[in-house]
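Observations on the model geometry
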Amino acid sequence: MEVIIKKDYDGVCTESAAIIEEAWRRNSNLVLGFGTGKTPLGLYEKLVEFYRQGKIDFSTVTAFNLDEYVGLEESHPQSFAYYMDHHLFRHVNIRKENIFRLNGRPADIGEHCRAYERKIQDTGGIDIQILGIGKNGHIAFNEPGSSLSSRTRLKVLTPETVAANRPFFQDEKEVPRFCLTMGIGTIIETKMALLLASGNNKAGVIARAVEGPLTASVPASALQLHARARFIVDEAAASGLTNRDYYRWAYENKGRAVDPLKIISPKTRN
Ligand code: PGA
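Conventions and cut-offs
- Residues numbered from 1 in each chain as written.
- Predicted model: local features only at pLDDT ≥ 70, side-chain atom pairs only at ≥ 80, totals over all residues.
- Heavy atoms only, no water.
- Helix = DSSP H or I, 4+ residues; strand = E, 2+ residues; numbered from the N terminus.
- Buried < 20%, exposed > 50% of the residue type's maximum accessible area, 1.4 Å probe, protein only.
- Polar contact = N/O pair within 3.5 Å; in protein donor to acceptor, adjacent residues only side chain to side chain.
- Contact = heavy atoms within 4.5 Å.
- Near = heavy atom within 4 Å.
- Areas by Shrake-Rupley, 256 points an atom, 1.4 Å probe, with all protein chains shown as cover.
- Nonpolar A, V, L, I, M, F, W, Y, C, P; charged D, E, K, R; others polar.
- Pairing = 2+ DSSP bridges.
- Axes fitted to C-alpha atoms, helices over the stretch in contact; angles between N-to-C directions.
- Right-handed = clockwise from strand over helix to strand, strands pointing away.
- Phe/Tyr/Trp six-rings, centres within 6.5 Å; stacked < 30°, edge-to-face > 60°.

Quick look at the side chain of Thr190
By secondary structure assignment, the location of Thr190 is in the loop between α6 (184–188) and β9 (193–197). Accessibility expressed as a relative area gives 6% for Thr190, which makes it buried. Engagement of the side chain of Thr190 in a polar contact is seen with the backbone oxygen of Ile187, the distance being 2.7 Å. Each residue touching Thr190, except ones within four places of it in the same chain, is listed here: Ile126, Gln129 and His226.

Here is the structure:
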């Protein structure tokens, strides 16, 4: 695991966009997994900017959405399909046939989820998965208690999530009670996971996910098992981390380790 601490939210988005751009330069057939929520919005803005500047061409990029509410049409403004389209896809030259989403109204939920897993495998796996984190430690819609080896499946939303969503729906009958989500096992198998977090209200959960025990009660702690997980957080979200000085120091010196002579004299702590 790597913990990258940036001064503020803009720094978090700049760093994650740079990681994606660099990965795209190495492999233009990049397979990206996209999460929703408030946190990745700044990253998506930067990706649109990169596209307009000619730094990333999305025509060979493949996208997988992380989750979806059950019952909503793709065109519903609260659907995750709409969110991704609105904030990223419609602004770049990604091909429609390269966008894979969980359908909130599938004929057969179990088969739809299994087919999604197969599709991920068929593309060779997700190169970079973008994640937020819930205050309760969830990643995607894997709420506390989710199996650490879970796959894409139906989940029952917590009463808190249902209540939080209510204001966004005019009709009570439309408020989602269920969702489809990639599982924790699915996420752990991605080649790289970028978890973004910003603000004091995420400090407690970031500390539990990074430095607490591995537990289904904090689903994000499962990233401790991920071969290449990067937590990209701002100072406020990092404020509960006991080892934050070491993470900063390791990050600053990482590039220097390429030259073995420089390992002898790492940058001094300040
Ligand atoms: P947020 O949501 O970015 O809106 O805080 C994160 C999440 O719940 O995954």
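Picking up where we left off.
Considerations on the site of the ligand
Close to the ligand lie Gly37, Lys38, Thr39, Gly132, Ile133, Gly134, His138 and Lys202. One of the side-chain N or O atoms of Thr39 is found 2.5 Å from an oxygen atom in the ligand. A distance of 2.7 Å is found between an oxygen atom of the ligand and a side-chain nitrogen or oxygen belonging to Lys202. Its free accessible area being 280 Å², the ligand has 72% of it covered by the protein chains. Looking at the shell around the ligand, its residues break down into one nonpolar, five polar and two charged.

So, the environment of Asp234
Topologically, Asp234 is positioned in strand β10 (residues 229–234). Residues Asp234 and Lys202, spaced 32 residues apart in sequence, show a C-alpha to C-alpha distance of 9.9 Å. Other than its neighbours up to four places away in sequence, Asp234 contacts Ile5, Lys6, Lys7, Asp8, Tyr9, Val12, Ala197, Ser198 and Gly199. A polar contact of 2.7 Å, which involves the side chain of Asp234, links it to the side chain of Ser198.

Structural notes on the sheet that holds strand β5 (residues 99–100)
The strand order across the open sheet built from seven strands is β1-β10-β9-β6-β2-β3-β5, with neighbouring strands paired in parallel fashion. Sheet topology places β1 (2–6) and β5 at the edges, where each strand pairs with a single neighbour. Against the sheet, helix α4 (residues 109–122) makes contact with β3 (62–65) and β5, and its axis sits at roughly 150° relative to β3, the strand it touches most.

Describing the pairing of strand β2 (residues 31–34)
Side chains Val31 and Gly33 of β2 all project onto a buried face; the interleaved residues Leu32 and Phe34 project onto the opposite face, where all are buried too. By the bridge criterion, four bridges tie β2 to β3 in an arrangement that is parallel. Paired with Phe34 across the bridge in β3 is Asn65. Tracing the backbone out of β2, into helix α2 (residues 41–52) and back to the parallel element β3 gives a crossover that is right-handed.

Some details on the packing of aromatic side chains
Tallied over the full model, the rule gives eleven aromatic pairs. Taken together, a centroid distance of 5.6 Å and an interplanar angle of 75° make the contact between Phe34 and Phe89 edge-to-face. Residue Phe34 is found in strand β2, and its partner Phe89 is found in the loop between α3 (80–87) and β5; the two are separated by 55 residues along the sequence. There is no split in this pair, since Phe34 and Phe89 are both buried. Between Tyr44 and Tyr83, the aromatic rings sit 6.4 Å apart at their centres with planes inclined by 80°, giving edge-to-face as the arrangement. One end of the pair, Tyr44, is in helix α2; the other, Tyr83, is in helix α3, with 39 residues separating them in the sequence. Pair check on accessibility: Tyr44 and Tyr83 agree, each one buried. Through a chain of ring-to-ring contacts, the aromatic side chains of Phe34, Tyr44, Tyr83 and Phe89 assemble into a single cluster.

Description of the sheet that holds strand β4 (residues 67–69)
Here three strands make up an open sheet; going across it, the order is β4-β8-β7 and the pairing antiparallel. At either margin of the open sheet sits one strand with a lone partner, and together these are β4 and β7 (153–156). Strand-to-strand twist of the sheet, defined as the mean angle between neighbouring strand axes without regard to direction, takes the value 30°. In this sheet, strand β8 (residues 178–181) lies alongside β7 in antiparallel orientation, the contact comprising four bridges. Note that in β8 the partner of Val156 across the bridge is Phe178.

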